[in-house]
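Coordinate inspection notes
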Amino acid sequence: MRPIWKGHISFGLVSVPVTLYPAEERTDLQLHMVDSRNHARVKYERVNAETGEEVPWDQIVKGYEYHEGSYVLIGEADLKKAAPEATRTVDIEAFVNQADIDPMYFDKPYFLEPSKGGEKGYALLRETLRETKKVGIAKVVIRTRQYLAAMSPRRQVLMLDLLRYKGEIRSEKDLSLPGTLAEVGVSKAELKMAHMLVGSMSQKWDPDQYSDRYRDALMKWIQQKVKAGEIEQAPHFDVDDDAPAPINLMEALKKSIAHGGQAEAAPARTAKPKAARSRSARPARKASRRKAG
């Protein structure tokens, strides 16, 4: 399992060094475009839309189209200036009841593992959340975006579930939806039968019962057609090995309570600039395809 980054959990004046790992594994089949005539890979090329010439990687920059055909060019330095708060910190801002969070807000799960020296603070936070039945609402920057997240205990691990912002969730108001049962003509007998059907199909949730049958069948067919396949290497993410200095846990808790849970009095931490990643380690994903002549 590859880590995303190393940083720390911050709540009040308490700081717990942790490592962040993805908690999901995508099993989508990686299908490539292949020329049916000679079975060669069909590749995308970086082509200038006006000249038709291929553009070298070192001449490609990101741009925001604020008007059709007009762009604001954005370099890596600009991204860092625009987000100075981007640190390796899971900054807990509040504790809430998990039942109060609509499931629609949950997006992507991560594991948090304590780094060296963080075991005590990690266990304290985990069990406190478990006993109070609360989740920590935090801000965290992953790669180039700041996320809202919910931290909660799951057996022995602290989970960090990324949350969608309210503005990212669409409203159902524009949908054409049926009204009450009476308004659509559902009878009491039909409702009773529906209850009976649900009761007959009810069982204890067991995720082991379910799998992607379509993918399994397709993989079986592929394995019958070929003896060897291409191996996709997982992307590599840089990990910052710097860990925060050890803290006096009891003293930090006392000061946090005295400050009403506010962390302004804590010494500021800034993220250590990451070394630039080589283009060979992470090629750009967006490229235009050469138009057919």
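Residues numbered from 1 in each chain as written. Predicted model: local features only at pLDDT ≥ 70, side-chain atom pairs only at ≥ 80, totals over all residues. Heavy atoms only, no water.

Moving on to helix H2 (residues 119-132). For H2, spanning 14 residues, the distance from its first C-alpha to its last is 20 Å, which sits close to the expected 20 Å at 1.5 Å a residue. Of the positions making up H2, those classed as buried are Gly-121, Tyr-122, Leu-125, Arg-126 and Leu-129. Taken end-on, H2 shows its buried residues confined to a sector of 130°, consistent with a single buried face. The exposed set on the far side of H2, more than 90 degrees from its buried face, consists of Lys-120 and Glu-131. Remark: Lys-133 follows H2 within two positions and exhibits a positive phi of approximately 55°. (Helix = DSSP H or I, 4+ residues; strand = E, 2+ residues; numbered from the N terminus. Expected span 1.5 Å × (residues − 1). Buried < 20%, exposed > 50% of the residue type's maximum accessible area, 1.4 Å probe, protein only. Arc of directions from axis to C-beta.)

Okay, the nonpolar core next. One broad trend across soluble globular proteins is that nonpolar side chains are buried collectively. In this structure, Ile-9, Leu-112, Val-140, Ile-142, Met-151 and Leu-160 are the most contacted members of the largest nonpolar core, which totals 28 residues. Among the elements of the structure, strand S1 (5-11), strand S2 (14-22), strand S5 (89-97), strand S6 (106-114), H2, strand S7 (134-142), strand S8 (145-154) and strand S9 (157-163) are those that each provide at least two residues to this core. Broken down by element, the residue count for this core peaks at 5 residues, all from S9. When near neighbours in sequence (up to four residues on either side) are disregarded, Leu-112 contacts Ile-9, Val-18, Thr-19, Leu-20, Tyr-122, Met-151, Val-157, Leu-158 and Leu-160. Grouped together as the second largest cluster of nonpolar side chains are 6 residues, Val-135, Ile-137, Leu-148 and Ala-150 included. (Core = buried A, V, L, I, M, F, W, Y, C linked by side-chain atoms within 4.5 Å. Contact = heavy atoms within 4.5 Å.)

This next bit is on the sheet that holds S1. One closed barrel holds the 7 strands; their spatial order is S1-S2-S6-S9-S8-S7-S5, and the pairing between them is mixed. Each strand axis lies, on average, 40° off the axis of its neighbour in the sheet, ignoring direction. Sheet topology places S8 next to S9; 7 bridges connect them, and they run antiparallel. Looking at the pairing, Ala-149 lines up with Leu-162 of S9. (Pairing = 2+ DSSP bridges. Axes fitted to C-alpha atoms, helices over the stretch in contact; angles between N-to-C directions.)

Just geometry here; none of it tells us what the structure is for.
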